[in-house]
Every structure is written in structure tokens, then in C-alpha cells.
Amino acid sequence: MGRVTARRRASHVTPDETVTRPETLVVEEPLEIRVNGNPVSVTMRTPGSDVELAQGFLLTEGVIGHRDDVVTARYCKGPGPDDLNTYNVLDVTLAPSVAPPDLDVTRNFYTTSSCGVCGKASLDAVRQISRFSPGDDPATVAAATLKAMPDQLRGAQKVFASTGGLHAAALFGVDGTMLAVREDIGRHNAVDKVIGWAFEQGRVPLDASVLLVSGRASFELTQKALMAGIPVLAAVSAPSSLAVSLAEESRITLVAFLREDSMNVYTRVDRVV
């Protein structure tokens, strides 16, 4: 398995001096996701929780929806030196009853660490239709519970503390219980990892849950929440206009600028009590 961090030397320049010293950096490596042996996606990610990442990605792309849809997920041989496994190629075998993804040009899944939908080759391929209806979820969450979540997330960001270079996503119950936290250089990968964790645990759809992200709330993260059946999406930073539109359309509660003393609730404010 690849390392999460790496050490590189840098010249630290101040008005008074220049000092050469080692710095801890987050690792960025490609992961090729295959389905039934066929390449489907290459994403730039931080190694770790790769099976969760692959399954979360396939769920939020509408390929799978339930734990029984996946038979196996395993690393396969990559182009490493001396024919060694690079742990950068993962093959997911679907159950016979599950249709494999369409691999035409409208599903050109190359994703960078900064964008999960940039590789889509057509607008029709961007928006997915969820098999779940988080808008119908009757769960509510206390405002005080939401306000406490960012501190809990920051406390769990172990690799960010040493590198300053990772996004994070966390799943909470509406009672404030932290269920899972994942870090990654790509915000969409961090979300796929926690959704993949929930998929592994048989928790999808994620009723009565909150997805908290360490950065902004974009369209793609709102869509991932929708595809996983998550009724509340919260962000410590700003939302985009399209994220708000999708949350309004799907009746997801979208919270942004989440702080200890305040928050903005853009949609379904009735869930915040």
C-alpha cells in the first residue's frame, strides 16, 4: 500500500534568512478503477481506503446501490518495477444482476484531485438520477449539534495536522455521533470514501445522517449526498449557486459557513431545530 505522506526538502525563506529543511507533504497518486476487468476511471487520490473510494464512486455514479451489488473488490497488478503490485489499480466485480457502467464517450471518467466531474465528456453525463429520496427523510438535527461538528472533524484530521494539504469528509448521525472520517487530497474522493464506508457497512441509504465537508459545498458534493440518500449536507465554507439549486430541487438541507456561533441554512431549514 502506498504511503499517505512523503518527505521533501524545501528552502524556507524569511526576510532574515533562508533555511533548507525537510517538509512533510501529502502523497498524490493515480488510482485506476476497473469494473469487471474493464477500465472505468482514473482519479488522483491520496492512497488509503481505496476499496471504499471505488465503491463510493460507483454508488454516486449510479452503478451500484446495495452491498450485494459487489462481489469482490481487489487490487490487481499495475505497471510497477519488476512486475510488482503498485496498489494503484483496483478491480470491482459486480454481481451478475448488476449492469456494468456504459463506457462510451459520455462517461469519460478522468478525474483530477480537484474536480470529480471535470472528466465528463457531456452535460448529460454530469447529472445522475438517485434511487433514494433523502427529501422524504423526516429526521431533524439540533443547531447546537451541527455547530459542534467542525471541531470534531478538525480533531480527527490526523494527516492534515502534519501536512496542511488534505480535505476531509465526515458522516454523523443527526444525534451528533461521528460515524466515519476520511481524508484525501481531493474533496470528492474524501466524500466517496466515507460513502464507500457506509456502503461496506450496509448503511446506504444514509437515513438520519449529516455529511460534513471541510471546504465548500459544490454541485458534485451535493449530488453525491443525494445519490447516497443523505438528508443533510454541511460545509465549513461557501456553497455554490448550483449546489443550492440541486439541494432545493432534491429537498436536501444544505448548511454552509458552519461555525461555533452561526451558520447559513440555504434549503430545508425546517430540519434544523
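A quick note: this is a predicted structure, and the numbers were derived from the prediction, not measured. Along each chain, residues carry numbers from 1 onward, in the same order as the chain's sequence is written. Side-chain atom pairs in this predicted model are given and counted only at pLDDT of 80 or more, local residue features only at pLDDT of at least 70, and totals for whole chains, interfaces and linings cover all residues. In computing side-chain properties, one takes all heavy atoms of the structure into account and sets aside hydrogens as well as water.

Participant: I keep staring at the environment of His 167 and nothing clicks. Help me out?
Facilitator: For the purposes of this entry, the term helix denotes a DSSP run of H or I that reaches at least four residues, the term strand denotes a run of E that reaches at least two, and both are numbered from the N terminus. On the secondary structure map, His 167 appears in strand β8 (residues 167-173). For the pair formed by His 167 and Arg 182, sequence separation is 15 residues and the distance between their alpha carbons is 8.5 Å. Residue contacts are defined here by distance: any two heavy atoms, one from each residue, within 4.5 Å place the two residues in contact. Excluding residues within four positions of it along the chain, His 167 makes contact with Arg 182, Glu 183, Asp 184, Ile 185, Gly 186, Arg 187, Ala 190 and Ser 214.

Participant: Would you explain unusual backbone geometry in this entry?
Facilitator: Look at the link from Val 204 to Pro 205: it is a cis peptide, with omega at 5°. With phi around 55°, Asn 36 is a residue other than glycine that occupies positive phi space. Its place among the elements puts Asn 36 in the loop between β3 (29-35) and β4 (38-45). A residue is classified by how much of its surface remains accessible, and Asn 36, at 36% relative accessible area, is partly exposed. One non-glycine residue with positive phi stands out, namely Ala 208, at about 50°. Along the chain, Ala 208 turns up in the loop between α4 (187-200) and β10 (209-213). The buried label goes to any residue with under 20% of its type's maximum accessible area, the exposed label to any with over 50%, and the partly exposed label to all in between, with areas taken from a 1.4 Å probe on protein chains only.

Participant: Can you help me understand the packing of aromatic side chains in this one?
Facilitator: In this description, a pair of aromatic rings is defined by centroid distance and the angle of the planes. In this scheme Phe, Tyr and Trp rings, the latter by its six-membered ring, pair at centre separations within 6.5 Å, and the angle between planes marks the pair as stacked below 30 degrees, edge-to-face above 60, and tilted otherwise. Applying the stated criterion to the full structure yields one aromatic pair. Plain terms: the ring middles of Tyr 75 and Tyr 87 are 5.0 Å apart, the flat faces sit at 80° to each other, and that makes the pair edge-to-face. Of this pair, Tyr 75 sits in strand β5 (residues 70-75) while Tyr 87 sits in the loop between β5 and β6 (89-94); the two residues are 12 residues apart in sequence, bridging distant segments of the chain. For Tyr 87, a relative accessible area of 32% gives the class partly exposed.

Participant: Mind showing me how you'd approach the packing of α4 against helix α5 (residues 219-228) here?
Facilitator: Axis angle and axis distance: for two packed helices, these are the angle between their axes and the distance between the axes, and together they describe the pair. Axes here mean lines fitted to C-alpha atoms, for a helix over just the part in contact, with angles spanning 0 to 180 degrees between N-to-C directions. In the contact formed by α4 and α5, the axes pass within 10 Å of each other and the chain directions differ by 10°. The pairing of α4 with α5 is recorded here as roughly parallel in orientation. On α5, the residues that touch Arg 187, His 188, Val 191, Asp 192 and Ile 195 of α4 are Glu 220, Leu 221, Lys 224 and Ala 228. When its residues are assigned to classes, the contact of α4 with α5 shows four nonpolar, one polar and four charged. Relative orientations are named as follows: roughly parallel for angles under 35 degrees, roughly antiparallel for angles over 145 degrees, roughly perpendicular for angles from 65 to 115 degrees, and oblique for any other angle. Polarity classes work like this: nonpolar for Ala, Val, Leu, Ile, Met, Phe, Trp, Tyr, Cys and Pro, charged for Asp, Glu, Lys and Arg, and polar for all others, with Gly in that last group.

Participant: Quick question: what am I supposed to make of the pattern of salt bridges here?
Facilitator: A side chain with one charge may pair with a side chain of the opposite charge, provided their charged atoms come close. Salt bridges are defined as contacts in which a side-chain nitrogen from Lys or Arg sits within 4 Å of a carboxyl oxygen from Asp or Glu. Counting across every chain of the model gives 11 salt bridges. One salt bridge connects Arg 251 with Asp 136, and the closest N-O pair in it is separated by 2.4 Å. With a gap of 115 residues between them, Arg 251 in the loop between α6 (241-250) and β12 (253-256) and Asp 136 in the loop between β7 (109-111) and α2 (143-156) connect regions that are remote in the sequence. On the accessibility criterion, Asp 136 (52% relative accessible area) is exposed. When salt bridges that share partners are traced, they join Glu 29, Arg 45 and Asp 50 into one network.

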